[in-house]
Amino acid sequence: QRLKAAVHYTVGCLCQDVAEDKGVQLSKQAIAAISEVSFRQCETFAKDLEMFARHAKRSTINTEDVKLLARRSNSLLKYITKKSEEITASNMEQKERKKKSSAAKGVRTGEYPEAVMTENEDSNMA
């Protein structure tokens, strides 16, 4: 119910913005109807995404599933593809940075155990 209320509120805000831009008015009943249709469409999308992933023998929905869902809207598909590529590029950059920082830490920690071993070896020899 909270999710449905949040959808209704968001749709109401979007409807107000569009109504102001177009110079029209929308009744509360019209906004409620748009909200209900939007909520039901989201439920359908969620079920479809689950089915796409299950069909591919996966338990996790991925970007390919979302692209398949958006295939009928060329502009939406282009947008999703662009965002997916941006996210992938960003993740790759983060991994590279992480590798570099891990490698730098590895060199430092790699030197430290040798120093400890040397001290232990020295005490064993004495």
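Counting of residues starts from 1 at the beginning of each chain's written sequence and follows it residue by residue. Local features in a predicted model are, by the rule used here, given only for residues with pLDDT of at least 70; side-chain atom pairs are given and counted only at 80 or more, and totals for whole chains, interfaces and linings are based on all residues. Side-chain measures here rest on the full set of heavy atoms in the structure, leaving out hydrogens and waters.

- The name given to the chain in an unreviewed UniProt entry is Centromere protein S, and the organism recorded there is Heliornis fulica.
- Turning to the chain, the UniProt annotation filed under Sequence similarities (unreviewed entry) states: "Belongs to the TAF9 family. CENP-S/MHF1 subfamily." UniProt positions are given in the numbering used here, feature names are shortened, and annotations may be inferred rather than shown by experiment.

**Quick word on the overall build of the chain**
Then, number 1: Helix and strand definitions follow DSSP, with helices as H or I runs of at least four residues and strands as E runs of at least two, each counted in order from the N terminus. The number of helices and strands found in the chain is four helices and zero strands.
Then, number 2: When the elements of the chain are put in sequence order from the N terminus, they spell out α-α-α-α.
Then, number 3: Each of the 126 residues in the chain was classed as buried or not, and the buried ones make up 12%.
Then, number 4: Counting contacts in the chain only where the partners sit at least 6 residues apart, residues at least 24 apart contribute 24% of the total.
Then, number 5: Surface accessibility of the chain: about 10,800 Å² in total, with carbon and sulfur atoms responsible for 57%. For every residue, the accessible area obtained with a 1.4 Å probe (protein chains only) is divided by the maximum for its type, and the residue is called buried under 20%, exposed over 50%, and partly exposed between those limits. Contacts were defined at the residue level, with two residues in contact if any of their heavy atoms lie within 4.5 Å. The method behind every accessible area is Shrake-Rupley, applied with a 1.4 Å probe, and residues are considered shielded solely by the protein chains displayed.

**Thoughts on the pattern of salt bridges**
Then, number 1: We define a salt bridge as a contact between a side-chain nitrogen of Lys or Arg and a carboxyl oxygen of Asp or Glu at a distance within 4 Å. Evaluated as defined, the whole model comprises six salt bridges.
Then, number 2: Glu36 is the partner of Lys4 in a salt bridge, and the nearest nitrogen-oxygen pair spans 3.4 Å. Of this pair, Lys4 sits in helix 1 (residues 2–22) while Glu36 sits in helix 2 (residues 28–55), placing them 32 residues apart in sequence.
Then, number 3: Here Glu36 falls in the partly exposed class, since its relative accessible area comes to 26%.
Then, number 4: The partner of Arg97 in a salt bridge is Glu93, and the shortest N-O contact between them spans 3.7 Å. Of this pair, Arg97 and Glu93 both sit in helix 4 (residues 74–125), four residues apart, which is roughly one turn of that helix.
Then, number 5: By sharing partners, the salt bridges in this structure join Lys4, Glu36 and Arg40 into a single network.

**Things to note about the environment of Gln16**
Then, number 1: Positionally, Gln16 belongs in helix 1.
Then, number 2: Judged by its relative accessible area of 48%, Gln16 falls in the partly exposed class.
Then, number 3: On a C-alpha basis, the gap between Gln16 and Leu26 in space is 7.7 Å, while along the polypeptide they are 10 residues apart.

**Considering helix 2**
Then, number 1: Here the expected span of a helix is defined as 1.5 Å times the quantity of residues minus one. Here helix 2 is 28 residues long and its end C-alpha atoms lie 40 Å apart, about the 40 Å a rise of 1.5 Å per residue gives.
Then, number 2: Summarising the contacts, the buried residues of helix 2 are in contact with helix 1 and helix 3 (63–69).

**Quick notes on the nonpolar core**
Then, number 1: Definition of nonpolar core: a set of buried residues of the types Ala, Val, Leu, Ile, Met, Phe, Trp, Tyr and Cys, connected through side-chain atoms within 4.5 Å. Grouped together as the largest cluster of nonpolar side chains are five residues: Val7, Val11, Cys15, Ile31 and Phe39.
Then, number 2: At the level of elements, helix 1 and helix 2 are the ones that each hand at least two residues to this core.
Then, number 3: Per-element tally for this core: the top contributor is helix 1, with three residues.

**As for the packing of helix 1 against helix 2**
Then, number 1: Viewed as axis vectors pointing N to C, helix 1 and helix 2 meet at an angle of 125°, and their least axial separation amounts to 9 Å. Accordingly, the angle class assigned to the pair helix 1 and helix 2 is oblique. Our pair here, helix 1 against helix 2, has a crossing hand that is right-handed. Residues Leu3, Lys4, Val7, His8, Val11, Gly12 and Cys15 of helix 1 pack against Ile31, Ala32, Ile34, Ser35, Glu36, Ser38 and Phe39 of helix 2. Axes here mean lines fitted to C-alpha atoms, for a helix over just the part in contact, with angles spanning 0 to 180 degrees between N-to-C directions. Roughly parallel means an angle under 35 degrees; roughly antiparallel, over 145; roughly perpendicular, 65 to 115; everything else is oblique. Here a crossing is called left-handed whenever its near helix is offset anticlockwise from the far helix by less than a right angle, and right-handed whenever the offset is clockwise.

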